[in-house]
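# Remarks on the overall topology
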Amino acid sequence: MSPKPKVAVYKFSSCDGCQLQLLNLEDELIELAGAIDIAFFLEARRQVEPGPYAVGIVEGSVTTPEEAERIQYIRRDCKFLLTIGTCATAGGVQALRNFADVQEYARAVYPHPEYLNTLATSTAISAHVKVDLELWGCPVNKYQLLEVICALLQQRRPALPQYSVCLECKRRSTTCVAVAQGIPCLGPITRAGCGAICPAYGRGCYGCFGPLPTADPFAFVPVLRSHERFPGEGIRLLRTISGAAPAFEKAAKLIAFEETRHA
Amino acid sequence: MPETIHVPALARVEGEGALYIGVKDGSVKEIRVDIYEPPRFFEGFLRGRFLQDVPDITARICGICPVAYQMSSVRALEAALNVQVTPRVRLLRNLFYCGEWIESHVLHIFMLQGPDLTGHESALSLAQVAPDVVKDALRMKKIGNQILRVIGGRSVHPVNACVGGWYRWPEAAELRALLPELEWGLERACAAVGWAKDLPFPQLDIDYEFMAMHRKDEYAILDGDILSSLNGVIDVEDFGQQYLEKHMRHSNALHSYNLEGKPYLVGPLARLNLNHEYLGERAALALKQSGIRLPLRNPYKSLLARAIETVEVFERAIHLIGRYVPKGPSAEQLVLRPGHGAAATEAPRGLLYHRYNLDADGLVEQAKIVPPTAQNLARMEADLWQLAPQLLALPHDEATLTAEHLLRAYDPCISCATHFVKLKVYDAEG
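Below or above, wherever it landed, is the structure these notes cover. A quick note: this is a predicted structure, and the numbers were derived from the prediction, not measured. (Residues numbered from 1 in each chain as written. Chains lettered and ligands numbered in written order. Predicted model: local features only at pLDDT ≥ 70, side-chain atom pairs only at ≥ 80, totals over all residues.)

## Looking at the nonpolar core
In globular proteins that are soluble, nonpolar side chains generally tend to be buried together. To keep things clear, this is the line we draw: For our purposes the nonpolar core covers buried Ala, Val, Leu, Ile, Met, Phe, Trp, Tyr and Cys residues that link as a set through C-beta atoms within 7 Å. Neighbour counting defines burial: a residue surrounded by 20 or more other C-beta atoms within 10 Å of its own C-beta is buried, one with 12 or fewer is exposed, and intermediate counts give partly exposed, using backbone-placed C-beta atoms. For the purposes of this entry, the term helix denotes a DSSP run of H or I that reaches at least four residues, the term strand denotes a run of E that reaches at least two, and both are numbered from the N terminus.
Counting residues in each nonpolar core, the largest one holds 221 residues, and the members touching the most others are L19 and I308 of chain B. With 14 residues, the single largest contributor to this core is helix α4 (residues 87–118) of chain B.

Shown next as structure tokens:
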């Protein structure tokens, strides 16, 4: 038996960007390939080694009946299941369908929507099977991904930030775009990990790393609303990339509820 | 080898897939590049979004070419608002695009298609016998990603592009710091052309209709006219109407055909054949020294076109950084008005068309996106038909690999068009 742990990389409904982050580890990739046995990774290699695998890395969300079935087999094949990216952890950008009529979408996009086979919602992998660790981000930060793989190899807990994007702004010495310029920003309730790039480029955070585990929509919504530059901006910001993540969904519903009350 | 070809999962493409070549009684009966896109309905959920959300959302169609989606989006939306961006904004967009071409082309040449031509199953196995080739490829790819990171904050789904220009000018010093690596990359890219031209490409000669963006002053990437080798210049507004998409049952992607119902080709071969006169100095020299005769009509040799183009974008990136001056407003002020606009740009895989209708508040009423891989799908199947007689003469494993290789040579981005090419096992009864 191979002494190196066998790793499999799977793709569900997604853009490929998170698994690409593995190949974007340009300085570390060859060494990494020496430390683990990349047994199944279709984007990178033709050779496939059969399972079971020590670690399964899953990108993408569940949007079709076939995907809902396939994840069950994958769970059985993998001792440790790691989901990467906002699609896999919260349904991703395609979970915007969860707030609309998917049939109408299909008619808008495809001339013969009856040919399509799709589910009404886009859901996280954890809605279907037990997940051992979720790594957020759209895309995931490649160094966080490397940290998780190293931690698994060393049988320790990965060091992942449990604070918000605001702290990353402070570290970068970025002036707060919300306070100084009144730009709506999801930073206070969004998980750190991107390096607070949006405020550094003069714009508000759109929450692509998903909500902070301790996010409080009740406290945040009044702040967000006070920065809205046009009606509905807050809801749209919440429903960009991680709209189906529970804390963001709740915040958007709170705003919608307040608007109906004032209407 | 009169046997049906099964490729249960196509490897080394963006997305997962399969290929079906049904053989019965010693002849090929059916060929399908069978893509099951779990549909993600981008055109559906773009409706009702504010125009500045569009480049952030469309980027998520593809993790390998998000810049292409951002650039086609912002240009189409600017057309709808009748906004002209400044030459400084355009220069930086051009440079941004060079970064994506470097990253994507190098990935494809060395890690996706290259292994087919060097007898390896992956770049990882190639690295065991030729570690320097793979290390250099990774270093080149990294340079492209660094351009994207400096300009856009990160390489996958960068955050700086907006309708009208940029949220912020990146620091000139940070871009200039990349010049030594870019110079190295340019030399290495020239050497790669020399290496690539002698690779053992399978033979295939196809009479294509080539389609690409076209300019008279540079090798078109970001903007220009749409040029067809059969029909000349096509207005970008007419393109969507003339080159319609058909929706076929075995695939969740839309297929494109020209007016006569024939498939056409977009991507590196089309670009090089139509626009080689406008290559920069080093790329033109690399093309000349390689002895490559144009027009290139062998789809496997798309890799050569990509290699030439890699020289082009390294060279162009160096020039553009030298001319970059971050002065004045980084974005135009937008005046909202109802209207519609279309634009195309050259994604690494070929022409990417976007069209939007906006209402008076800047909300999207309708969106249409035609990715390059969707346009090439019908062409891939037609190429496989032409390859079929050769396949029948080969041992089964070799035939399978040769057919797979043809699809990989297209660098299909199945996430863009779709994402599951799933093989259906041929049933002898039907």
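## Focus: the sheet that holds strand β13 (residues 364–370) of chain B
Residue and element names in this part refer to chain B. Under the convention used in this document: One bridge is not enough; two strands pair if DSSP finds at least two bridges between them. Helix axes are fitted to C-alpha atoms over the stretch in contact, other axes to C-alpha atoms as well, and angles between N-to-C directions run from 0 to 180 degrees. Two residues qualify as being in contact provided that their C-beta atoms, derived from the backbone, are within 7 Å of each other.
Pairing is antiparallel across the open sheet formed by three strands, whose spatial order is β11-β12-β13. What marks the edges here is a single partner per strand, and that holds for β11 (339–347) and β13. Ignoring strand direction, the axes of neighbouring strands in this sheet form an average angle of 15°. Note that strand β12 (residues 350–358) and β13 share six bridges and pair antiparallel. The residue bridging Y356 from the neighbouring strand is A367, located in β13. Sitting on the sheet, helix α3 (residues 66–81) is in contact with β11 and β12, with an inclination near 150° to β11.

## Let's talk about the packing of helix α8 (residues 179–197) of chain B against helix α11 (residues 281–290) of chain B
Residues and elements named next belong to chain B. Basically, it comes down to this: For classification, angles of less than 35 degrees are called roughly parallel, those exceeding 145 degrees roughly antiparallel, those between 65 and 115 degrees roughly perpendicular, and all remaining angles oblique. Working rule for handedness: look at the near helix, and if it is turned counterclockwise from the far one by less than a right angle, call the crossing left-handed; if clockwise, right-handed. Under the scheme applied here, ten amino acids are nonpolar (Ala, Val, Leu, Ile, Met, Phe, Trp, Tyr, Cys and Pro), four are charged (Asp, Glu, Lys and Arg), and all others, including Gly, are polar.
One way to put it is that α8 packs onto α11 with a least axis distance of 10 Å and a crossing angle of 25°. Between α8 and α11, the crossing angle belongs to the class labelled roughly parallel. Crossing of α8 over α11 shows right-handed handedness. Counting all contacts with α8, which are made through L186, C190, V193, G194 and K197, the residues of α11 involved are R282, A286 and S290. In terms of residue class, the contact of α8 with α11 is made up of four nonpolar, two polar and two charged.

## Re the interface of chain B and chain A
Between chain B and chain A, the contact holds 50 residues from the first and 51 residues from the second. Elements with a contribution of two residues or more to the side of chain B that touches chain A: α1 (42–45), α2 (54–59), α4, α5 (123–129) and α6 (131–152) of chain B. By residue number, the principal contributor to the side of chain B that touches chain A is α6 of chain B, which donates seven residues. Of the residues belonging to the side of chain B that touches chain A, the class tally is 20 nonpolar, twelve polar and 18 charged.

## Description of unusual backbone geometry
One can expect most non-glycine residues to show negative phi and most peptide bonds to be in trans. Here the amide bond leading from C138 of chain A into P139 of chain A is cis, since omega sits at 5°, within 30 degrees of zero. Counting through the fold element by element, P139 of chain A comes out in the loop between β5 (133–135) and α6 (142–153). In this chain, L294 of chain B is followed by P295 of chain B through a cis amide linkage whose omega measures 0°. Tracing the chain through its elements places P295 of chain B in the loop between α11 and α12 (302–323). Phi at Q155 of chain A takes a positive value of approximately 50°, unusual for a residue other than glycine. For Q155 of chain A, the position within the fold is in the loop between α6 and α7 (165–172). Here D25 of chain B, not a glycine, exhibits a phi torsion of approximately 50°, which is positive. Topologically, D25 of chain B is positioned in the loop between β2 (17–24) and β3 (27–33).

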